[in-house]
Amino acid sequence: MKSILKSSISLIAAISVLGIATLPAAAQQHQLSRDTVLVSPDGDILDYVPNDGSVRWSRDNRGRSVLVDSWGEVIATAMPADSYFARGGDYRPRRDRYRPLRGYDETNPEYFPPAPGSDYGDDVTTGSVPEMREALPGDIERQQLPDADFGGSQAMPEFNDNDDMAALPADPNQEFVPGPKFAPATALGKMSSNEVTALQVFLDREGFSPGVIDGKKGSNVTKAIEAWQNATGDTLDPNNTEDILERLRLSGGMAFTTYEITAADAAGPYVASIPEDYAHKAALPHLSFTSTTEMLAEKFHMDEAYLKEINPGVDFTIPGTIVKVVDIGKPKTGKVAKILADKGRKQVLAYDANGTLIAAYPASIGSADTPSPSGTVTVERIALNPGYTYNPKINFKQGSNDKVLTLQPGPNGPVGTVWIALSKPTYGIHGTPEPSKIGKTQSHGCIRLTNWDATELAKMTSAGVTVEFVD
């Protein structure tokens with residue numbers, strides 16, 4: 001069993017960050033009963049217990065016996081053998097095996113993103129959900145989603161016909177409006193994937209999104225650090241692992257946790273595939289996720305490939321499977337009074353009524369062909385889980401489609417799970433079916449965020465909020 005050794009951090013400190021209490025010395029001679037097995041975070045059963053001094057027995061916050069290494073990572077959990085092996089053959093899942101992840105008690109595991117709650121207020125408009133068809137077409141092959149179709153400025157089905165206008169290019173003579181200047185962040189040095197993930201999780205919990213959490217350094221992480229420093233007046237050294245771990249401890253615990261896949265997770269509903277052609281998209285009853293891994297990646301703000309990477313060999317379709325995920329905590333809360341769409345930084349900045357920066361999100365904003373507008377507009381309405389109307393007479397030409405098409409709601413729809421309509425016709429802030437491309441690609445003039453960032457912003461925003469485009 002591979003252990004990650006960090007000489008700069010003591011075992012006790014790492015354990016405290018994880019929220020795991022170290023057992024007395026006698027516990028190091030822990031003996032497993034015959035009806036107990038050791039299950040790794042990857043879902044594998046260990047056939048031995050490392051005895052080279054690199055691991056210790058501890059208890060997690062659920063009271064379970066766990067093995068942790070010198071870095072504080074959980075490498076195995078003691079599980080009842082009968083319940084674990086019951087996954088094979090005649091599987092009869094017990095209700096008490098489906099444990100919701102800590103911090104997600106407000107969500108239903110059958111639905112993502114969270115349905116709007118009563119705290120939204122009367123000034124938030126929820127998008128209507130069209131009636132679903134009976135079955136999925138069986139002859140659609142999986143194809144890559146085209147960049148050109150995302151971030152579009154198309155109207156939603158419930159919008160008036162007067163809103164169905166083509167996206168207007170920006171005036172070439174428009175005034176250049178500079179965006180805010182932030183102090184540069186400390187350059188990220190040589191860091192392990194786990195260390196980068198810890199940094200990304202901390203920023204995500206704070207409301208300064210790094211985009212998808214993937215354990216990789218990049219511009220989205222740097223921009224999030226700069227915005228966080230501007231908002232807090234504090235300095236964050238991304239290379240100081242001890243400091244990052246302490247900040248994680250204070251904000252809810254270590255970056256990684258475990259999640260047990262439920263029957264609802266495995267059941268979906270999912271679609272067989274997401275085609276490229278809009279006519280084929282319109283034939284689907286909904287534009288849901290295509291797999292459990294895609295759903296879980298969005299649920300935990302992760303890159304899907306990274307989720308699979310840290311869970312090698314795991315079958316995500318089996319209820320009861322325990323997988324390793326990141327602990328993102330609870331969404332950012334507050335009331336947004338002004339939004340800056342910074343085209344130069346490729347970032348959306350949210351301010352409260354006092355002018356304090358309270359959240360920031362990486363964004364894809366406009367392109368050379370269809371630039372975003374400049375100046376100031378306002379939020380007109382907010383639609384959650386919106387549908388999408390394609391009209392070839394007023395929208396871009398997609399394939400050979402020459403008829404108006406209505407696409408059903410879903411996270412894999414062209415505007416994702418959120419549409420925040422702006423007072424400039426056809427422009428909006430919305431989600432995306434490809435979160436890993438946010439901040440790295442362009443849009444059709446709109447402001448494109450990850451679905452989870454767009455949802456978080458929508459919950460803090462209301463009609464009348466000012467949106468200013470800056471350069």
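Our subject is the structure that appears above.
This is a predicted model, so every value here is computed, not measured.

Okay, the side chain of Glu468 next. Examined against the element boundaries, Glu468 turns out to sit in strand E19 (residues 466-470). A distance of 3.2 Å separates a polar atom in the side chain of Glu468 from a polar atom in the side chain of Lys338. Those residues in contact with Glu468 that lie beyond four places of it in its chain are Val177, Lys338, Ile339, Leu340, Ala341, Gly375 and Thr376.

So, on to the pattern of salt bridges. Under the criterion given, the structure shown has nine salt bridges. Salt-bridge contacts for Lys343 lead to Asp471; the nearest nitrogen and oxygen are separated by 3.4 Å. Here the residue Lys343 occupies a position in the loop between strand E9 (338-342) and strand E10 (347-351), and Asp471 occupies one in the segment after E19, the gap between them amounting to 128 residues. Residues Glu380 and Arg381 are paired through a salt bridge, measuring 3.5 Å at the closest nitrogen-oxygen approach. Taking the relative accessible area as the measure of exposure, Glu380 reaches 42% and is therefore partly exposed. Three or more residues are tied together by salt bridges with common partners; here these are Asp234, Asp243 and Arg247.

Right, let's talk about the packing of helix H3 (residues 193-206) against helix H4 (residues 219-232) for a bit. One can describe the packing of H3 onto H4 by two numbers: an axis separation of 11 Å at closest approach and a directional angle of 50 degrees. Viewed along their axes, H3 and H4 adopt a mutual orientation that is oblique. Here H3 and H4 pass one another in a crossing that is left-handed. In contact with Leu199, Gln200, Phe202, Leu203 and Glu206 of H3, H4 contributes Val221, Ala224, Ile225 and Trp228.

What follows is about the nonpolar core. Within the largest apolar cluster, 49 residues are counted, with the highest numbers of intra-cluster contacts made by Leu199 and Leu203. The biggest single contributor to this core is H3, with six residues. Once residues within four sequence positions are removed from consideration, Leu199 is found in contact with Leu188, Met191, Val221, Ile225, Leu236, Pro238 and Ile244. Counting residues in each nonpolar core, the second largest holds 43 residues, with Val418, Trp419, Leu422 and Leu449 among its members.

With that out of the way, let us pick up H3. Its 14 residues place the ends of H3 20 Å apart at the C-alpha level, agreeing with the 20 Å of an ideal helix rising 1.5 Å per residue. With twelve of 14 residues buried, H3 is to be regarded as a mostly interior element. All of the buried residues in H3 are Asn194, Glu195, Val196, Thr197, Ala198, Leu199, Gln200, Val201, Phe202, Leu203, Asp204 and Arg205. As for H3, its buried residues are in contact with H4, helix H5 (241-250), strand E7 (256-260), helix H9 (304-309), strand E8 (322-326) and helix H10 (451-460). Phi turns positive, to about 90 degrees, at Gly207, one or two residues after H3.

At a minimum axis distance of 10 Å, the contact between H3 and H5 shows a crossing angle of 40 degrees. When the axes of H3 and H5 are compared, the pair comes out oblique. Handedness of the crossing formed by H3 with H5: left-handed. Along its contact with H3, which presents Glu195, Ala198, Leu199, Val201, Phe202 and Arg205, the element H5 presents Thr241, Ile244, Arg247 and Leu248. Taken together, the residues that form the contact of H3 with H5 break down as six nonpolar, one polar and three charged.

Parameters at a glance
- Residues numbered from 1 in each chain as written.
- Predicted model: local features only at pLDDT ≥ 70, side-chain atom pairs only at ≥ 80, totals over all residues.
- Heavy atoms only, no water.
- Helix = DSSP H or I, 4+ residues; strand = E, 2+ residues; numbered from the N terminus.
- Polar contact = N/O pair within 3.5 Å; in protein donor to acceptor, adjacent residues only side chain to side chain.
- Contact = heavy atoms within 4.5 Å.
- Salt bridge = Lys/Arg side-chain N within 4 Å of Asp/Glu carboxyl O.
- Buried < 20%, exposed > 50% of the residue type's maximum accessible area, 1.4 Å probe, protein only.
- Axes fitted to C-alpha atoms, helices over the stretch in contact; angles between N-to-C directions.
- Parallel < 35°, antiparallel > 145°, perpendicular 65-115°, else oblique.
- Left-handed = near helix turned anticlockwise from the far one by under 90°.
- Core = buried A, V, L, I, M, F, W, Y, C linked by side-chain atoms within 4.5 Å.
- Expected span 1.5 Å × (residues − 1).
- Nonpolar A, V, L, I, M, F, W, Y, C, P; charged D, E, K, R; others polar.

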